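# Structural description and commentary
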Amino acid sequence: MLPVKKNGCEFMLDGKKIIFSGMQATGTLTLGNYLGALKNWVQLENEYECFYCVVDLHSITVRQDPAELRKRARALLTLYIAAGLNPEKNCIYYQSHVSAHAELSWILGCFTYMGELSRMTQFKDKAAKHSGNINAGLFTYPVLMAADILLFQSDLVPVGDDQKQHLELTRDIAGRFNSIYGDVFTIPEPYIAKQGARIMSLQEPTKKMSKTDENPNASIYLLDDPDTIMRKFKRAVTDSDNRIIYSDEKPGIKNLIEIYALSTGKGIEEVEKEFDGVGYGEFKMAVGEAVISLLKPLQERFRELEKDKAYIDGIIKANAEKANYYANKTLRKVQKKVGFPERIR
Ligand code: ATP
Ligand code: LTN
């Protein structure tokens, strides 16, 4: 493979465009995380050079139990692989194993305005939800996210549409830095799927499905057993009109149609036709069955991988080395640009 120079940083990436994304180890992944993000990542590995991070630094913006966090972070990394990401082709790693994330975040924080950060809707939502712990990390969370993305000279960032605002801020910070110091960072583009970008809560379908929802019936977790999945769909909040139509006025049914369509690979209109005249009870069972079949192979693969400690450890080690290598290239360049003294070797 030939080294490729990208903004002065050497990338041995065969000229492919670079993709970066991450997920927080704050809970077990939901169907929303899968359909809105992870499932789409799997299709990108041949065309792009991909980095997928378990963003454990971000996770501590909300108080975590240490043993639980460690366990969840490992489960998340294992789920990335179980969902089909080949760890030989995709660099799957823990954010906390690459200290450049935190170092670049500090520097970028000095190029980000308080006003910009206070406009972030995720901050407002999380501050309201955790009113007893509105810490500075929660506020500067998007700066760390910008550092994640910019460290790898990423071209594209596949995320659900809740992250669009953070992506725009990342672009602003990168542009601001480049306008002072020259072309240091690649300006990333969001990569948001048309369908599935926002899977909604089964209990409050006007709110996104989230892995930290207090009501476990609101979310389908990727490791839920078939009975639990079926029970949650049967209890899903809908309306009393009993017609299966994809409409903004029927958020519960709209969400179920979308989940069914994405799980089976069918189009929205095809689904409407298939269930024309069918009652909600029967439809909910069909959605449950479709999701159970969708998740079955992933769950089986997860159980196998979980037992293979040496294999997962090997991936963690090798990929952390790769990620450190590329991240440090950008970090050293940034440090030089802002005027930090050269390292004596
Ligand atoms: P938390 O509950 O801790 O806020 P979360 O479930 O929102 O977490 P994240 O770790 O913040 O999940 O997000 C991981 C990825 O999943 C992101 O790309 C995000 O855009 C996507 N995502 C999260 N929730 C949904 C959803 N309901 N529908 C579609 N995509 C989603
Ligand atoms: N903020 C994101 C998680 C995240 C991320 C990233 C996504 C952290 N760093 C870099 C894409 C690229 C979230 O809450 N879903």
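For the structure, see preceding data.
The subject of this paragraph is helix α7 (residues 136–151). Helix length check: α7 (16 residues) gives 22 Å between terminal C-alpha atoms against 22 Å at 1.5 Å per residue, within 8%. Remark: the principal bend of α7, roughly 40°, maps to P142. Summarising burial for α7: 13 of the 16 residues are buried, a large majority. By the N-cap criterion, in which a side-chain oxygen at the helix start approaches the backbone nitrogen of a residue two or three places on, α7 is capped by N135, the distance to G137 being 3.0 Å. Q153, located one to two residues past α7, shows a positive phi value of around 50°.

A few words on the pattern of salt bridges. Using the criterion set out here, one finds 21 salt bridges in the structure. R74 serves as the salt-bridge partner of D313, at 2.8 Å between the closest nitrogen and oxygen. In this pair, D313 is assigned in helix α13 (residues 309–338) and R74 in helix α3 (residues 66–82), connecting sequence segments 239 residues apart. Its relative accessible area of 28% is what places D313 among the partly exposed residues. Given a relative accessible area of 26%, R74 falls into the partly exposed group. R171 serves as the salt-bridge partner of E189, at 3.6 Å between the closest nitrogen and oxygen. With E189 in strand β7 (residues 189–191) and R171 in helix α8 (residues 164–181), the pair connects residues that are 18 residues apart, well separated along the chain. In this structure E189 comes out as partly exposed when scored by relative accessible area, which is 41%. What makes R171 partly exposed here is its relative accessible area of 28%.

With that out of the way, let us pick up the site of ligand 2. The local shell around ligand 2 holds 14 residues, among which H58, Y141, M145, D148 and Q163 are the closest. In the environment of ligand 2, a nitrogen atom lies 2.7 Å from a nitrogen or oxygen atom belonging to the side chain of Y141. Between D148 and ligand 2, the recorded distance is 2.6 Å, taken from a side-chain N or O atom to a nitrogen atom. Here ligand 2 has 370 Å² of accessible area as a free molecule, and 92% of this is covered by the chains. Elements represented by at least two residues in the shell around ligand 2 include exactly β3 (18–23) and α7. Here the shell around ligand 2 gets four residues from one element, more than from any other, and that element is α7. Of the residues that constitute the shell around ligand 2, the class distribution is seven nonpolar, six polar and one charged.

With that out of the way, let us pick up the environment of E258. Its place among the elements puts E258 in helix α10 (residues 251–264). Residue classification places E258 among the buried positions, given a relative accessible area of 10%. When the C-alpha positions of E258 and R301 are compared, they lie 25 Å apart, and in sequence the two are 43 residues distant. Apart from residues no more than four positions distant in its own chain, E258 is found in contact with Q195, G196, Y246 and I268.

Calculation criteria
- Residues numbered from 1 in each chain as written.
- Chains lettered and ligands numbered in written order.
- Predicted model: local features only at pLDDT ≥ 70, side-chain atom pairs only at ≥ 80, totals over all residues.
- Heavy atoms only, no water.
- Helix = DSSP H or I, 4+ residues; strand = E, 2+ residues; numbered from the N terminus.
- Expected span 1.5 Å × (residues − 1).
- Bend = angle between axes of the 7 residues up to and from the residue.
- Buried < 20%, exposed > 50% of the residue type's maximum accessible area, 1.4 Å probe, protein only.
- Polar contact = N/O pair within 3.5 Å; in protein donor to acceptor, adjacent residues only side chain to side chain.
- Salt bridge = Lys/Arg side-chain N within 4 Å of Asp/Glu carboxyl O.
- Near = heavy atom within 4 Å.
- Areas by Shrake-Rupley, 256 points an atom, 1.4 Å probe, with all protein chains shown as cover.
- Nonpolar A, V, L, I, M, F, W, Y, C, P; charged D, E, K, R; others polar.
- Contact = heavy atoms within 4.5 Å.

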